[in-house]
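# Reading the structure
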Amino acid sequence: MGHWVYEFSGCPELEDQQHLGQEAIPGHGILRPRPESPGVVDGYVRYGLDEVMMVARFRWVARGDPSSVMPAVMRAAGAPPLS
């Protein structure tokens, strides 16, 4: 089995990017460190999944401190609120 390709798009300050992922099916949301801003993350929500080509597409929904970005990403992915 191959690796998934993760496609990230929509961040107004970063170009669209592709990264190799894990062998497991990607989750609904991802936090990713911003390369030029230590301690700041981007939040992405999966909006497309091509299981044949093994491509997962994510769109940008939030940026900031991880403790504030994670709840926004989870809400956008349709997950129940964290207790």
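Attention in this report is confined to the structure presented alongside it. Just so you know, these numbers come straight off a predicted model, no measurement behind them.

## Remarks on the packing of aromatic side chains
- As enumerated under the stated definition, the model contains four aromatic pairs in all.
- A centroid spacing of 5.6 Å and a plane angle of 5° characterise the contact between Tyr6 and Phe58, whose relative ring orientation is stacked. Residue Tyr6 is located in strand β1 (residues 5-9), and its partner Phe58 is located in strand β5 (residues 55-64); the two are separated by 52 residues in the primary sequence.
- We classify Tyr6 as buried; its relative accessible area is 11%.
- Centroid distance Phe8 to Phe58: 5.6 Å. Interplanar angle 25°. Geometry classified as stacked.

## As for the side chain of Asp42
- Mapping Asp42 onto the fold places it in strand β4 (residues 41-50).
- Polar side-chain contacts of Asp42 include one of 3.0 Å to the side chain of Arg34.
- Side-chain polar atoms of Asp42 contact the side chain of Tyr44, separated by 3.5 Å.
- If near-sequence neighbours (up to four positions away) are discounted, Asp42 is found in contact with Cys11, Leu14, Ile30, Leu31, Arg32, Arg34, Trp60, Ala62, Arg63 and Val69.

Cut-offs applied
- Residues numbered from 1 in each chain as written.
- Predicted model: local features only at pLDDT ≥ 70, side-chain atom pairs only at ≥ 80, totals over all residues.
- Heavy atoms only, no water.
- Phe/Tyr/Trp six-rings, centres within 6.5 Å; stacked < 30°, edge-to-face > 60°.
- Helix = DSSP H or I, 4+ residues; strand = E, 2+ residues; numbered from the N terminus.
- Buried < 20%, exposed > 50% of the residue type's maximum accessible area, 1.4 Å probe, protein only.
- Polar contact = N/O pair within 3.5 Å; in protein donor to acceptor, adjacent residues only side chain to side chain.
- Contact = heavy atoms within 4.5 Å.

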